[in-house]
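Chain by chain, the residues run as shown.
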There are 2 protein chains.
Amino acid sequence: MNYNYEHDLNKGISVDCVIFGFDFEKLKVLVIRRKPVENISESLVSLPGDLIFNDENLDQAAQRVLKELTDLENIYLEQLGAFGDLDRLSKPSDIAWLRSNRAQPEARVITVAYYALVNLNAFDPKPSNFAESVSWEPVEDIKSMAFDHLEIFNKAREELYRKLKIQPIGFNLLPKKFTLSQLHKLYEAIVGRELDKRNFRRKMIKLEIVKKLDEKQKGVPHKPSNFYEFHVENYKRLVNKGFDNFGF
Amino acid sequence: MNYNYEHDLNKGISVDCVIFGFDFEKLKVLVIRRKPVENISESLVSLPGDLIFNDENLDQAAQRVLKELTDLENIYLEQLGAFGDLDRLSKPSDIAWLRSNRAQPEARVITVAYYALVNLNAFDPKPSNFAESVSWEPVEDIKSMAFDHLEIFNKAREELYRKLKIQPIGFNLLPKKFTLSQLHKLYEAIVGRELDKRNFRRKMIKLEIVKKLDEKQKGVPHKPSNFYEFHVENYKRLVNKGFDNFGF
């Protein structure tokens, strides 16, 4: 797409996206490495994001950022809120980078943060214009980030955990077909502690939000497990009854 | 306070506040009526709010709006998120009103919404500069509002209900001393349905988050009830244990 950046960009508002994925072992987050800037050796990772255009609403801006990176449509997306601290863009390396990229690098920018859940096996992420590279990092390895992105990332992890207790959103991180072991590992990765395997399976089956398929894993070095899929109809039935306890 | 509005205001970002109160009977919301504008007879209520200043962060802007209305400090305040739809300021009456009040009435403004919980018995709200009057309205009477404020208000009600299940924030709506009947009525007002009185009292007492005081109501036409207060220490102990089920 071609935009008249000077004319169409809203210079005061950006969106930033915390994109979560799961590789069957660890919960991961998609981060970008900025293109190097003269005299700045520090290379902090950051969240993918962009200024918004004046003809798109906030969700559309976030979807555009996601689409550019993942080429996927209909991604699970939730707004985390707005971040507008006065010093959010004030690290020296951040200022240097903004200077090399923006018309008014000192302008105050308030960002609206989102978190997204994707099946990371479904695509190869592509770095956007401003990025040198893009990669999936285990969430527990993220100790520092550019701008105020660590604060946004931490809020996103909290929100993911909180939301998982009331809505089984974890299925968005898995392929359509998965084993109960994979689902169990995913929940452990999000809640950040071990969960008794037998209790976990029992609760999932009792809730009837997973449907057993007539299909097993192939070519695995252990006894092949059965595949399941998310039982959307049963889940909707529970929601209509006001049920919201999906936590462990 | 005197501001150089032209210089210090950020014309692209506002805050709006959904302020909840409880008069021992009904859950209420503080709304303002705008000063009349020529040729516009429609008089929709709106949420108190303002553009932000460039030297304050988002929470500070919301606190300033609250302070001007209530003269209270340390109000319970939570951010609801950002609202940035393209048509959010486009009703004819809204445009006319903005024209009479703002330097660039057609500029796109994204608002960051908050909800606040106050003890409405503790103060008399004062209308701000732009408002003709300010009043407490029962939440169930609110059917339409200016701008996108009805959407913000509905989101705030949902969030209040959701939050009450995991955190006993209702105490912020009560005076320091209250009866269990008053607390019960408050919960009914927020969840929007009857709650069995005996179960409610039993759960509150079992959680040990209310402390019985050696003091009874005076001058009431019925048998005076005992006063209670919120047991902050016990509540903190529960939170430290990871407990978060305060719902009914």
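Small disclaimer: the values here were computed from a predicted structure and weren't measured.

Focus: the overall build of chain A
Right, on to step 1. Tallying secondary structure elements over chain A gives seven helices and nine strands in all.
Right, on to step 2. Relative to the globule expectation of 18 Å for 248 residues, the C-alpha radius of gyration of chain A, 20 Å, shows essentially globular dimensions.
Right, on to step 3. Overall, the C-alpha framework of chain A stretches about 55 × 40 × 30 Å when taken along its three principal axes.
Right, on to step 4. Out of the 248 residues in chain A, the part that is buried amounts to 50%.

So, the relation of the copies chain A and chain B
Right, on to step 1. Rotating chain A by 180° and moving it 0.0 Å along the rotation axis overlays it on chain B with an RMSD of 0.0 Å. The relationship between the two copies is best expressed as a two-fold rotation axis. Across chain A, the rotation axis passes nearest the C-alpha of A:Gly81, at a separation of 2.1 Å.

Topic: the interface of chain A and chain B
Right, on to step 1. Tallying the contact residues gives 22 residues for chain A and 23 residues for chain B.
Right, on to step 2. Of the roughly 1500 Å² buried between chain A and chain B, counting both surfaces, carbon and sulfur atoms make up 54%.
Right, on to step 3. Linking B:Lys165 and A:Asp244 is a salt bridge whose minimum nitrogen-to-oxygen distance equals 2.7 Å.
Right, on to step 4. Scanning the region where chain A abuts chain B turns up twelve residue pairs in polar contact (both at pLDDT 80 or more).
Right, on to step 5. Of the residues that constitute the side of chain A that touches chain B, the class distribution is nine nonpolar, six polar and seven charged.

Examining the packing of aromatic side chains
Right, on to step 1. For the coordinates displayed, the defined rule picks out 24 aromatic pairs over all chains.
Right, on to step 2. Centre to centre, the rings of B:Tyr76 and B:Tyr115 are 6.5 Å apart; their planes meet at 55°, and the pair counts as tilted. Of this pair, B:Tyr76 sits in strand 5 (residues 76–83) while B:Tyr115 sits in strand 6 (residues 110–117), and the two are 39 residues apart along the sequence. For the residue pair B:Tyr76 and B:Tyr115, the accessibility class agrees, reading buried in each case.
Right, on to step 3. Connected via pairs of aromatic rings, a cluster forms that spans A:Phe171, A:Phe178, A:Phe230, A:Tyr235, A:Phe243 and A:Phe246.
Right, on to step 4. A:Lys177 extends its terminal NZ or CZ atom over the ring of A:Phe227, reaching a point 5.7 Å from the ring centre.
Right, on to step 5. Across from the ring centre of B:Phe248, 5.2 Å away, lies the NZ or CZ of B:Lys203, which sits over that ring.

Regarding the pattern of salt bridges
Right, on to step 1. All chains considered together, the criterion is met by 32 salt bridges over all chains.
Right, on to step 2. Measuring nitrogen to oxygen at the nearest pair gives 3.1 Å for the salt bridge that ties B:Asp23 to B:Lys28.
Right, on to step 3. Here B:Asp23 falls in the partly exposed class, since its relative accessible area comes to 26%.
Right, on to step 4. A salt bridge links B:Asp94 to B:Arg34, with the shortest nitrogen-to-oxygen separation between them at 3.0 Å. Note that B:Asp94 is positioned in helix 3 (residues 92–101) and B:Arg34 in strand 2 (residues 27–34), a separation of 60 residues in sequence.
Right, on to step 5. Accessibility expressed as a relative area gives 9% for B:Arg34, which makes it buried.
Right, on to step 6. Residues joined in a network through salt bridges with shared partners are A:Asp16, A:Arg88 and A:Asp148.

With respect to the pairing of strand 2 of chain B
Here is the key point about a regular strand: its side chains alternate between the two faces of the sheet.
All names here are of chain B.
Right, on to step 1. Taking burial as the measure, the eight residues of strand 2 include seven buried ones, the bulk of the element.
Right, on to step 2. With antiparallel pairing between neighbouring strands as the criterion, strand 1 (residues 9–22) and strand 2 make up a hairpin whose turn holds four residues, including Phe-24 at a positive phi of roughly 80°.
Right, on to step 3. Both strand 2 and strand 7 (residues 131–138) contribute to a ladder of seven bridges, which runs antiparallel. Residue Val-31 lies in a different strand from strand 7, and its bridge partner there is Ser-135.
Right, on to step 4. When strand 2 meets strand 3 (residues 45–46), the two strands line up antiparallel, connected through two bridges. Its bridge partner lying in strand 3, Ile-32 is registered against Ser-46.

So, unusual backbone geometry
Right, on to step 1. For A:Phe24, which is not glycine, the phi dihedral falls at a positive 80°.
Right, on to step 2. Secondary-structure assignment places A:Phe24 in the loop between strand 1 (9–22) and strand 2 (27–34).
Right, on to step 3. In the Ramachandran plot, B:Phe147 falls in the positive-phi region, its phi being about 50° despite a non-glycine side chain.
Right, on to step 4. For B:Phe147, the position within the fold is in the loop between strand 7 and helix 4 (149–166).

Description of the environment of A:Ser133
Right, on to step 1. One can find A:Ser133 in strand 7 (residues 131–138).
Right, on to step 2. Here the alpha-carbon distance between A:Ser133 and A:Leu164, two residues 31 residues apart in the chain, equals 30 Å.

So, the domain arrangement of chain A
Residues and elements named next belong to chain A.
Right, on to step 1. The domain boundaries assigned to chain A delineate domain 1 (5–165) and domain 2 (175–240).
Right, on to step 2. Put simply, the middle of domain 1 and the middle of domain 2, counted by C-alpha atoms, are 30 Å apart.
Right, on to step 3. Taken together, the contact pairs nine residues of domain 1 with nine residues of domain 2.
Right, on to step 4. In this assembly, domain 1 packs against domain 2 so that about 970 Å² is buried in total across both faces, 73% of it on carbon and sulfur atoms.
Right, on to step 5. For Glu-25, the salt bridge identified is with Lys-185, shortest N-O distance 3.5 Å.
Right, on to step 6. Inspection of the domain 1/domain 2 interface yields zero residue pairs in polar contact (both at pLDDT 80 or more).
Right, on to step 7. Top element by residues in the side of domain 1 that touches domain 2 is helix 4 (residues 149–166). It accounts for three residues.

Some remarks on empty space enclosed by the protein
Residue and element names in this part refer to chain B.
Right, on to step 1. What the rule picks out here adds up to one cavity of 30 Å³ or more.
Right, on to step 2. The space that makes up the largest cavity amounts to roughly 30 Å³.
Right, on to step 3. Around the largest cavity, the lining residues are Tyr-161, Leu-164, Lys-165, Tyr-187, Val-191, Phe-246, Gly-247 and Phe-248.
Right, on to step 4. Of all elements in the fold, only helix 4 and helix 5 (180–191) reach the threshold of two or more residues within the lining of the largest cavity.
Right, on to step 5. Sort the elements by how many residues they give to the lining of the largest cavity and helix 4 lands first, with three residues.
Right, on to step 6. Grouping the constituent residues of the lining of the largest cavity by class yields six nonpolar, one polar and one charged.

What counts, and at which threshold
- Residues numbered from 1 in each chain as written.
- Chains lettered and ligands numbered in written order.
- Predicted model: local features only at pLDDT ≥ 70, side-chain atom pairs only at ≥ 80, totals over all residues.
- Heavy atoms only, no water.
- Helix = DSSP H or I, 4+ residues; strand = E, 2+ residues; numbered from the N terminus.
- Rg over C-alpha atoms; globule rule 2.2 N^0.38 Å.
- Buried < 20%, exposed > 50% of the residue type's maximum accessible area, 1.4 Å probe, protein only.
- Least-squares fit on C-alpha atoms with pLDDT ≥ 70 in both.
- Contact = heavy atoms within 4.5 Å.
- Buried area = accessible area lost by both parts, 1.4 Å probe.
- Salt bridge = Lys/Arg side-chain N within 4 Å of Asp/Glu carboxyl O.
- Polar contact = N/O pair within 3.5 Å; in protein donor to acceptor, adjacent residues only side chain to side chain.
- Nonpolar A, V, L, I, M, F, W, Y, C, P; charged D, E, K, R; others polar.
- Phe/Tyr/Trp six-rings, centres within 6.5 Å; stacked < 30°, edge-to-face > 60°.
- Lys NZ or Arg CZ within 6 Å of the ring centre and 35° of its normal.
- Pairing = 2+ DSSP bridges.
- Domains from an automatic or database assignment.
- 1 Å grid on protein atoms, 1.4 Å probe; cavity = no way out; pocket = protein on both sides within 12 Å on 5 of 7 lines; lining within 4 Å.
- Points joined across faces, edges and corners; volume = space filled by probe spheres on them.

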